[in-house]
Amino acid sequence: MTVTIPSVHYLAVLPVLIYFGAALALLLVTSLVRSKVTNNVATVTTVVASLAVLVVNAFQWRCVARSGPSMTVAHAIVLDDFSVIATAVIALSVLMSALVAHDWLRREGLAGVEFHILALASSAGAMLMTQANDLIVIFLGLEILSIGLYVLVAFDRRRANSTEASLKYFLLGGFASAIFAYGAALVYGATGSTNLTRVSYFLGSNVLTRPGLLYAGGGLLLVGFAFKVAAVPFHLWSPDVYEGAPTPVTGFMASIVKVGAFAALVRVLISALGTQLDTWRPILFVLIVLTTVVGASLAVVQRNAKRMLAYSSINHAGFILLGVWAGTVKGTAATLFYVMTYAPVVVATFAVVTLVGGVGDEHHSIDHYRGLARRQPWLGASLAVLLLSQLGAPLTTGFFAKFSVLAAAVDAGGTALAVIALLSAAIAAFFYLRWTLALYADDEIEANRVEVPRLTGLVIGFGVVFTIVFGIWPGPLATLAQHATVFFTP
Amino acid sequence: MHSSLWLSALIVVPLIGAVLAALVRKSEGAAYVVGLATSVVELALTVVVVVLYNNHIPGAQTFDFASRHVLSAPLGLAYDVALDGIALFLVVLAALAVLLALWGAREKNREPSFVAWMLLLTSFTIGSFVSHDVLEFFIFFELTLIPSYFIISQWGGVQRSKAALKFFIYTFTGSAPLLVGILYLGFAHQNQSLNAPLTFSYSALSATAMTHGTAVWLFVAFAIAFAVKSPIWPLHTWSPLTYAEAPTGGSIELSALLAKLGSYGLLRFAVGLFPLALVTMRPILLTLAVIGILYGSAVACVTPDLKRLVAFSSLAQMGFITLGVMSGSKIATVGAVLLMFNHGVITIGFFLLIGFIERRRGSYLVKDLVGLQGPAPVLAALFTVVMLASIGLPGLSGFVSEYLILIGTFATHAWWAVVATIGVVASALYLLWAYQRVFHGRAEGANAEIADASGAERWVMVPVVVLIVVLGVFPRPVLDRISPSVQQLVEHTAPSGVTK
């Protein structure tokens, strides 16, 4: 028996290899010469790896522009503009998170090489998901992403609720992965393949007389994804994990998981199951209504900033799903645009929360933010801008992100859905504003100035500038997102 | 056609002023000077624009200063400005309001931020008035919320947090259907022609073909947002608290200016884009307008404080404007557009005077004030002029516009006009009664010791009084500029060219 090794187009998998390589190198070196590898070395490694990925992305973009999208590793990995952009967003988020984490690790006095190793490995998993063209590869990416995160959530061993959150995330995440794997198996049973292109081809050229198996499989896949992006009713883990995890990890998780999971979800629903649009749309409809409304409503009653942001991110997940629901090229572009603009903002927001959290990462009540903008105008104003961006105020990227998914949904006939989502945004406005109000409150409680280390300040500044510049001038990003999804054939 | 640079300057000048005001925060009083200088320049610019305005541009209807630049094709985003007679004087009002608010209602506490927010608000409001693109209008319309929110929540009264939140959430919720309606309209327009790019240009969208049912739904979606902003009964419930809790400058901006965004939007966008819906929606909105007039007047009679009194009186006045806008009569619509300006000026006067009283007595509750006429005769005289204009005394500005509205509406919808006339009588009742309680009688204690209007306060009121008298006696130049645009709009919306 001969085994044929599939040809590999190395440029396509280079970002994943760089991240894995960096993680492995750090792991090896740190176990051989422990004392030599300081936090600084680890941070520099992550930063260099991320920059390298961004450079590779530029080459990939040119390669796709020249010779079109291509598949490699036996059609399991895709290289197209969509994956290039999603990968770049992940690299950017990792870069920002690493800088925030660097300052945090120093503040907490933790040895942080493991943090960077885990973060790099996790991100490699997320990148794999954005490029996956096979259910098994998606599963692989999902597991790599998740296992790193389980550990990262528990990274601060001194905090009991960090461990508790990790256990909760691990148990529920394990279930979700199992459900996803079962779904993949059922889809294989129904269509004879796990390859997304083949599944799509099979469904396009055959009529299933008894589609029950496919529906069950697709439904289970959807549940797996809904868990990862924390769509209601599969969101119960998210507030506890967001609260329990060390804050930089929460920001990291909120950004890269969304990018990876939504990229893969788009590929599964639009590329592979595009023919079943009429079947999965009603399910998504219900998910979106629940996710947007419940996410926004439960956020209103929170007093803890991190829990509030957890529910806010649930609300955002509902909006992103709106773009997927549209099931059109425009919807896919809107989903990508939303994720592109959301990731830097959420990392920067959690960077501020990290700073205010103080030593021990304890100060997360909304009362700790009272008068922050009075004491430290720049920091307070930055947080206000980031919150307004999440709210969807004009002149920030948040407005155009919401605008583009709503436009896609209305264009696809989802006027009612768009109205419901927007009304949930009005509910969400309540808690973003209450927070902003606290920032500018006069009756400040006794509070110390918040230390702003240079790197974290840089990340926050970048997030603010990003959201304002592209909020005034969204053209380039919108064109990029549109360009990246032209070849997406639903 | 004049250059659109004039309009861009109107948007940009206050932005520059806001940045400058924020930059000079270290030196005492510098922001105040920057704010005043910027608003004077802005007002001068608007006057130049009024003088230059030409309503006979071939192929551009009555729009002047027009130009369009597409910013992002996939999003349908464009910078598109133009000005016609309907928006012309609202732009002047915006510049006037910010000047008088900064001058007459100076906020010493954290002044640089206050000035910056006020100037930002002016820029965004003027941006909405000159937008010739529905999406651009929406963006500016939403943007006005942010400065208003900060002005109320930071410089307002005791319940400022609650008021700011209520205001924001109410308006934000109201604009949800508006955004979806705009998107729906944009795509309906795009899908009607092959390979058409996505556009939200007003002139393109007004040619969209639609069924009566679609038009009604879209009209409702638009009207909700504008009814909240105006406010139109029953969506007014945010306004009394917000007007009362906002600082004087904020109250001026909110009720003199931002409320006009609602009525302007109703006329320009709801009526202008969906004439098919009028046959169904006209009776409903006329009825709501009349209810608003009666309800506002009735509550104004019993309300315990002066700011709320003006808030409810504004509800009634906005009812008159809605009546004119929805009447389908050219005369009444001209009257409504004029009343938008006149009511703005009158409200600026009211809130400035209430601000003066509050500065002296620390209260604007009717029960705390008595016999102010004795110690402060000039203040009382100024109040009288503004009050009489608001009542609609012939010879003052309020009369001209209310008269045009009622006579025009009577021709098309007689019964609504008849009932609305009660509102004119009622306004005399509640305003004179309030005047009697506050200014007449014997002043005792703190009331007897208040100072009369100072020199600066008298000067601030001069533009208000001049405008009230001049527009009451000689409104012709203003009407001449408003009429052609209104005629165009009314003819566009009337079935088979019937106009009255």
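Anything mentioned here points back to the structure above.
Residues numbered from 1 in each chain as written. Chains lettered and ligands numbered in written order. Predicted model: local features only at pLDDT ≥ 70, side-chain atom pairs only at ≥ 80, totals over all residues.

Notes on the overall build of chain A
Stage number 1. Helices and strands together make up the secondary structure of chain A, namely 19 helices and 2 strands.
Stage number 2. A principal-axis box enclosing the C-alpha atoms of chain A has dimensions of 70 × 60 × 40 Å.
Stage number 3. Across the 490 residues that make up chain A, the buried fraction comes to 62%.
Stage number 4. Within chain A, counting contacts between residues at least 6 apart in sequence, those at least 24 apart form 81% of the total. (Helix = DSSP H or I, 4+ residues; strand = E, 2+ residues; numbered from the N terminus. Buried ≥ 20, exposed ≤ 12 C-beta atoms within 10 Å, placed from the backbone. Contact = placed C-beta atoms within 7 Å.)

Describing helix H18 (residues 455-473) of chain B
Residues and elements named next belong to chain B.
Stage number 1. In this model, H18 (19 residues) spans 27 Å end to end at C-alpha, consistent with the 27 Å of a helix rising 1.5 Å per residue.
Stage number 2. At Val-462, H18 shows its largest bend, some 30 degrees, and a proline, Pro-463, comes one to four positions later.
Stage number 3. Those residues of H18 not exposed but buried are Glu-457, Val-460, Met-461, Val-464, Leu-467, Ile-468, Leu-471 and Gly-472. (Expected span 1.5 Å × (residues − 1). Bend = angle between axes of the 7 residues up to and from the residue.)

Looking at the interface of chain A and chain B
Stage number 1. On the chain B side, the residues contacting the 28 residues of chain A number 24 residues.
Stage number 2. For the side of chain A that touches chain B, the secondary-structure elements that each account for two or more residues are helix H16 (397-411), helix H17 (415-439) and helix H19 (475-484) of chain A.
Stage number 3. For the side of chain A that touches chain B, the element with the most residues is H17(A), which contributes 11 residues.
Stage number 4. Split into classes, the residues belonging to the side of chain A that touches chain B amount to 21 nonpolar, 5 polar and 2 charged. (Nonpolar A, V, L, I, M, F, W, Y, C, P; charged D, E, K, R; others polar.)

Structural notes on the nonpolar core
Stage number 1. If you look at the biggest cluster of nonpolar residues, it comprises 399 residues, and the most contacted ones within it are A:Tyr19, A:Leu322, A:Leu406, A:Ala409, B:Val91 and B:Ala97.
Stage number 2. Every residue in contact with A:Ala409, bar those within four places of it in the chain, is listed here: A:Leu322, A:Trp325, A:Ala326, A:Gly414, A:Leu417 and A:Ala418. (Core = buried A, V, L, I, M, F, W, Y, C linked by C-beta atoms within 7 Å.)

Details of the environment of A:Val352
Stage number 1. With respect to the helices, strands and loops of the structure, A:Val352 is situated in helix H13 (residues 329-357).
Stage number 2. Taking the C-alpha atoms as reference points, A:Val352 and A:Thr72, 280 residues apart in sequence, are found 41 Å from one another.

Details of the packing of helix H12 (residues 305-326) of chain A against H13(A)
All names here are of chain A.
Stage number 1. In contact at an axis separation of 8 Å, H12 and H13 are set at 170 degrees when each is read in the N-to-C sense. By the criterion of interaxial angle, the relationship of H12 to H13 is roughly antiparallel. Facing Ala-305, Lys-306, Leu-309, Ser-313, His-316, Phe-319, Ile-320, Gly-323, Val-324 and Ala-326 of H12, the residues of H13 in contact are Lys-330, Gly-331, Thr-332, Ala-334, Thr-335, Tyr-338, Val-339, Tyr-342, Val-346, Thr-349 and Val-353.
Stage number 2. A class-by-class count of the residues in the contact of H12 with H13 yields 12 nonpolar, 7 polar and 2 charged. (Axes fitted to C-alpha atoms, helices over the stretch in contact; angles between N-to-C directions. Parallel < 35°, antiparallel > 145°, perpendicular 65-115°, else oblique.)

Some remarks on the environment of A:Gly475
Stage number 1. Inspection of the secondary structure assignment puts A:Gly475 in helix H19.
Stage number 2. Taking the number of C-beta atoms within 10 Å as the measure of exposure, A:Gly475 has 17 and is therefore partly exposed.
Stage number 3. If we ignore the near neighbours within four places in the chain, the residues touching A:Gly475 are B:Leu71 and B:Ser72.

Regarding unusual backbone geometry
Residue and element names in this part refer to chain B.
Stage number 1. The omega torsion across Ser-230 and Pro-231 is -5 degrees, close enough to zero to call that bond cis.
Stage number 2. Position of Pro-231 relative to the elements: it lies in the loop between helix H9 (212-229) and helix H10 (239-245).
Stage number 3. The omega angle of the peptide bond from Trp-233 to Pro-234 is 5 degrees, so this bond is cis rather than trans.

Focus on helix H12 (residues 278-302) of chain B
Residues and elements named next belong to chain B.
Stage number 1. Along its 25 residues, H12 runs 35 Å from first to last C-alpha, staying within 8% of the 36 Å computed at 1.5 Å per residue.
Stage number 2. For H12, the full list of buried residues reads Leu-278, Leu-285, Leu-286, Leu-288, Ala-289, Val-290, Gly-292, Ile-293, Gly-296, Ser-297 and Ala-300.
Stage number 3. Against H9, helix H11 (248-273), helix H13 (306-326), helix H17 (414-439) and helix H19 (476-493) lie the buried residues of H12.

What to know about the pairing of strand E1 (residues 64-72) of chain B
Residues and elements named next belong to chain B.
Stage number 1. In terms of strand pairing, E1 meets strand E2 (residues 77-83) through 6 bridges, oriented antiparallel. Across the sheet, Ser-67 pairs through a bridge with Val-81, a residue of E2.
Stage number 2. From the end of E1 to the start of E2, which pair antiparallel, there are 4 residues, and Gly-76 there has a positive phi angle of about 70 degrees. (Pairing = 2+ DSSP bridges.)

Topic: the packing of H12(A) against H16(A)
Residue and element names in this part refer to chain A.
Stage number 1. Running from amino to carboxyl end, H12 crosses H16 at an angle of 35 degrees, the nearest separation of the two axes being 8 Å. Judged by the sense of rotation from one axis to the other, the crossing of H12 with H16 is left-handed. Between H12 and H16, the residues in contact are Phe-319, Ile-320, Leu-322, Gly-323, Trp-325 and Ala-326 and Lys-402, Val-405, Leu-406, Ala-408, Ala-409 and Asp-411, respectively.
Stage number 2. For the contact of H12 with H16, a count of residues per class yields 9 nonpolar, 1 polar and 2 charged. (Left-handed = near helix turned anticlockwise from the far one by under 90°.)

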